[in-house]
Amino acid sequence: MITFLYMLIIFFVVVSAKKVQFLNSSGSIAAFFVGICIALGLGYKGLLLLGAFFLSSSLLSKYKKSQKIMMEEKVEKGSERDAFQVLANGGAASFASLVYLATNESLWIYLFAIFIAASNSDTWASEIGTLSKKQPLSIKNFRLAETGTSGAVSALGTAAAICGSFFIAVCTFFLFSISVKEMIIIGIFGFVGNLLDTLLGALLQAEYQCKVCEKMVEKKIHCGKKTVKRKGFTILNNDIVNILSGVFAALLALFVLL
Ligand SMILES: [Zn+2]
């Protein structure tokens, strides 16, 4: 009965997320399964934590949308999340939830929270950071970069990343009655996940140049023409970099937690 209720709630949330164009069709299906995995392992508390990420991120992505359209031009994918993006953000969290179901080890609750915190940190940073009036710095060469470039950071975006991570840490504190120390660890390592994401994005992620407008973009097609790869690894797109940085941050947190 309770499982059926969870399924109904998840279904309702996913349909609403699709309606507000936070998810596309494949993203909705993936999000439904992520929701089920999390409900199975961590019940309504896990779903509420996921909901905190989901709600705050979709509200932020709607905020000052017109200012962000310029940036969407540049990145591979727009604001509608597809299945790869959903799994890149929710796959590790689902895994942690299922391992918790099997082992009942509270360590997996912390790791679950760190994965969500890292995703939230990342989303808040990009949604708020792109509104920065100051041009961001590239962390590769510390020169000014175009807003929305992978590996470009601004003070506003960094502050948003820290707030995004600690927002999830505080929610975890109230939902799972963890200690203050564990809450701080979740907040710190969620932010570390975001830092690694920026760093890996800057160093490894593939960048393409448009043959028409000559802009550097993350898209394989720009101005209706195929772009040329200028640097990085084709396989390391934003989704893979997201997964890697979340996993690295969780491994680092393990050293502190154990
Ligand atoms: Zn172009």
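Residues numbered from 1 in each chain as written. Predicted model: local features only at pLDDT ≥ 70, side-chain atom pairs only at ≥ 80, totals over all residues. Heavy atoms only, no water.

This brings us to the packing of helix α5 (residues 107-129) against helix α8 (residues 238-257). Contact geometry for α5 and α8: axes closest at 10 Å, N-to-C directions at 135 degrees. Put simply, α5 runs oblique to α8. Between α5 and α8 the crossing geometry is right-handed. Where α5 abuts α8, its residues Leu107, Tyr110, Leu111, Ile114, Phe115 and Asp122 lie against Asn242, Gly246, Val247, Ala250, Ala253, Leu254 and Leu257. Partitioning the contact of α5 with α8 into residue classes produces ten nonpolar, two polar and one charged. (Axes fitted to C-alpha atoms, helices over the stretch in contact; angles between N-to-C directions. Helix = DSSP H or I, 4+ residues; strand = E, 2+ residues; numbered from the N terminus. Parallel < 35°, antiparallel > 145°, perpendicular 65-115°, else oblique. Left-handed = near helix turned anticlockwise from the far one by under 90°. Contact = heavy atoms within 4.5 Å. Nonpolar A, V, L, I, M, F, W, Y, C, P; charged D, E, K, R; others polar.)

Our next topic: the packing of helix α7 (residues 180-204) against α8. Running from amino to carboxyl end, α7 crosses α8 at an angle of 140 degrees, the nearest separation of the two axes being 8 Å. Comparing their axes, α8 and α7 come out oblique. For α7 against α8, the interelement crossing comes out right-handed. Taken together, the residues of α8 that come into contact with α7 (itself represented by Ile185, Phe189, Val192, Gly193, Leu196, Asp197, Leu200 and Gly201) are Val241, Asn242, Leu244, Ser245, Phe248, Ala249, Leu252, Ala253, Val256 and Leu257.

As enumerated under the stated definition, the model contains five aromatic pairs in all. A centroid spacing of 5.2 Å and a plane angle of 80 degrees characterise the contact between Phe173 and Phe174, whose relative ring orientation is edge-to-face. By relative accessible area, which is 25% here, Phe173 ends up partly exposed. (Phe/Tyr/Trp six-rings, centres within 6.5 Å; stacked < 30°, edge-to-face > 60°. Buried < 20%, exposed > 50% of the residue type's maximum accessible area, 1.4 Å probe, protein only.)

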